[in-house]
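Chains, contacts and geometry: an overview
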Amino acid sequence: MTAQEPNVIHLACPHTPHTNQVKIECKPPQVVFSGCEECAKKFFDDCIKVGGEAVKPKMMM
């Protein structure tokens, strides 16, 4: 977290490699989740179900 991003929470799954990243807007904070493909998809789906708004899901390599 930097001074420019005080309302950002960074999370990661315990699995490697972290090839996916999901960003969710939640009135703040913004949540950034880095993880394997399966965990990133589950995190994304669960956040959308509770009202989060996807910002830019993307693949990381």
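Everything in this summary refers to the structure shown in the same document. Model, not experiment: these values are computed from the prediction.

Okay, unusual backbone geometry next. A cis amide bond links Thr 16 with the next residue in sequence, Pro 17, at an omega value of 0°. Within the secondary structure, Pro 17 is located in the loop between strand E1 (8-12) and strand E2 (20-25).

Glancing now at the environment of Pro 6. Mapping Pro 6 onto the fold places it in the segment before E1. For Pro 6, a relative accessible area of 53% gives the class exposed. Residues Pro 6 and Pro 28 lie 22 residues apart in sequence; the distance between their C-alpha atoms is 9.7 Å.

The final tally for this structure, using the stated rule, is 2 salt bridges. A salt bridge links Lys 41 to Asp 45, with the shortest nitrogen-to-oxygen separation between them at 3.0 Å. Taken together, the positions of Lys 41 and Asp 45, both in helix H1 (residues 37-49) and 4 residues apart, correspond to about one turn of that helix. The exposure class of Lys 41 is exposed, given its relative accessible area of 53%.

Reading the values: rules and limits
Residues numbered from 1 in each chain as written. Predicted model: local features only at pLDDT ≥ 70, side-chain atom pairs only at ≥ 80, totals over all residues. Heavy atoms only, no water. Helix = DSSP H or I, 4+ residues; strand = E, 2+ residues; numbered from the N terminus. Buried < 20%, exposed > 50% of the residue type's maximum accessible area, 1.4 Å probe, protein only. Salt bridge = Lys/Arg side-chain N within 4 Å of Asp/Glu carboxyl O.

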